[in-house]
Amino acid sequence: QVQLVESGGGLVQPGGSLRLSCAASGTINNIYSMGWYRQAPGKQRELVATITNGGSTDYADFVKGRFTISRDNAKNTVYLEMSSLKPEDTAIYYCNADVSHYSGGRIRRGDYWGQGTQVTVSS
């Protein structure tokens, strides 16, 4: 089993900054990529940013230049540095990980999600 726990969410004013963290734990063999997704009320969950274990990143257009994803492979942790936050960034931010892990004596590949952390951008 793999667990992902997000932290760092909260209330921030427009134009402010916030740093999200997500730590993966469990019987992990390898984490191939980690990412952040978000879901605002009435909207579909959408990709924010992803990063591979090799450091390759991908960003949604709406966060390019404002958000930075990074990863500490030794800690199985992914971060999302958010700046120039806008009210429309308000959402629950979910951590995702593409991992291989040990299960029943086998190595399995799976996609796992955290519980989410609320980010609210408001005055």
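Summarised in this report is the structure supplied together with it. (Residues numbered from 1 in each chain as written. Predicted model: local features only at pLDDT ≥ 70, side-chain atom pairs only at ≥ 80, totals over all residues. Heavy atoms only, no water.)

## Thoughts on the state of the cysteines
Keep this limit in mind: Two cysteine sulfur atoms make up a disulfide if the distance between them is within 2.5 Å. Segments assigned H or I by DSSP are reported as helices when at least four residues long, segments assigned E as strands when at least two residues long, and all are numbered from the N terminus.
For the coordinates displayed, the defined rule picks out one disulfide. Note on cysteine connectivity: C22 is disulfide-linked to C95, with sulfurs 2.0 Å apart. Its torsion about the S-S bond being -85°, the disulfide of C22 and C95 is classed as left-handed. Linking C22 in strand β3 (residues 18-26) with C95 in strand β9 (residues 91-103), this pair joins segments that are 73 residues apart in sequence.

## Here we look at the packing of aromatic side chains
Formally: Think of it this way: a Phe, Tyr or Trp ring, Trp meaning its six-membered ring, pairs with another when their centres are within 6.5 Å, and the plane angle makes it stacked under 30 degrees, edge-to-face over 60, tilted otherwise. The cut-offs for exposure are 20% and 50% of the maximum accessible area for each residue type, with area from a 1.4 Å probe on protein chains only; residues under the lower value are buried, those over the upper are exposed, and the others partly exposed. Ring-over charges, as used throughout, are those where CZ of Arg or NZ of Lys falls within 6 Å of the ring centre and within 35 degrees of the ring normal.
Applying the stated rule across the entire model yields one aromatic pair. Plain terms: the ring middles of Y37 and W113 are 4.9 Å apart, the flat faces sit at 65° to each other, and that makes the pair edge-to-face. One end of the pair, Y37, is in strand β4 (residues 28-39); the other, W113, is in strand β10 (residues 106-113), with 76 residues separating them in the sequence. We classify Y37 as buried; its relative accessible area is 18%. The class of W113 is partly exposed, set by a relative accessible area of 34%. We note R45 situated over the ring of W113; from NZ or CZ to the ring centre the distance is 4.7 Å.

## Points about the nonpolar core
As a reminder, the rule being used: Note on terminology: a nonpolar core comprises buried Ala, Val, Leu, Ile, Met, Phe, Trp, Tyr and Cys residues joined through side-chain atoms within 4.5 Å. The contact definition used throughout considers only heavy atoms, calling two residues in contact when any of these lie within 4.5 Å.
With 32 residues, the main nonpolar core has L4, M34, W36, L80, M82 and Y93 as its most contacted residues. Mapped by element, the contributors of at least two residues to this core are β1 (2-7), β3, β4, β5 (46-52), β7 (67-72), β8 (77-82), β9 and β11 (117-121). No other element matches β9, which puts five residues into this core. In this structure L80 touches L18, R19, L20, W36, V48, A49, F67, T68, I69 and Y93, once residues within four positions along its chain are discounted.

## Some details on the pattern of salt bridges
As a reminder, the rule being used: We define a salt bridge as a side-chain nitrogen of Lys or Arg found within 4 Å of a carboxyl oxygen belonging to Asp or Glu.
In this structure the tally under the stated criterion is six salt bridges. Ionic pairing is found between R38 and E46, a salt bridge with its closest N-O pair at 2.9 Å. Classification of R38 as buried rests on a relative accessible area of 6%. Judged by relative accessible area, which is 21%, E46 ranks as partly exposed. Residues K64 and D61 are paired through a salt bridge, measuring 3.3 Å at the closest nitrogen-oxygen approach. Look at the salt bridges and you will find they share partners, linking R38, E46, R66 and D89 into a network.

## Some thoughts on unusual backbone geometry
Phi at N76 is positive, roughly 50°, even though this residue is not glycine. Taking the relative accessible area as the measure of exposure, N76 reaches 24% and is therefore partly exposed. With a phi angle near 50°, S84 is a residue other than glycine that sits in the positive phi range. Following the sequence through the fold, S84 ends up in the loop between β8 and β9. Note on S84: relative accessible area 40%, which makes it partly exposed.

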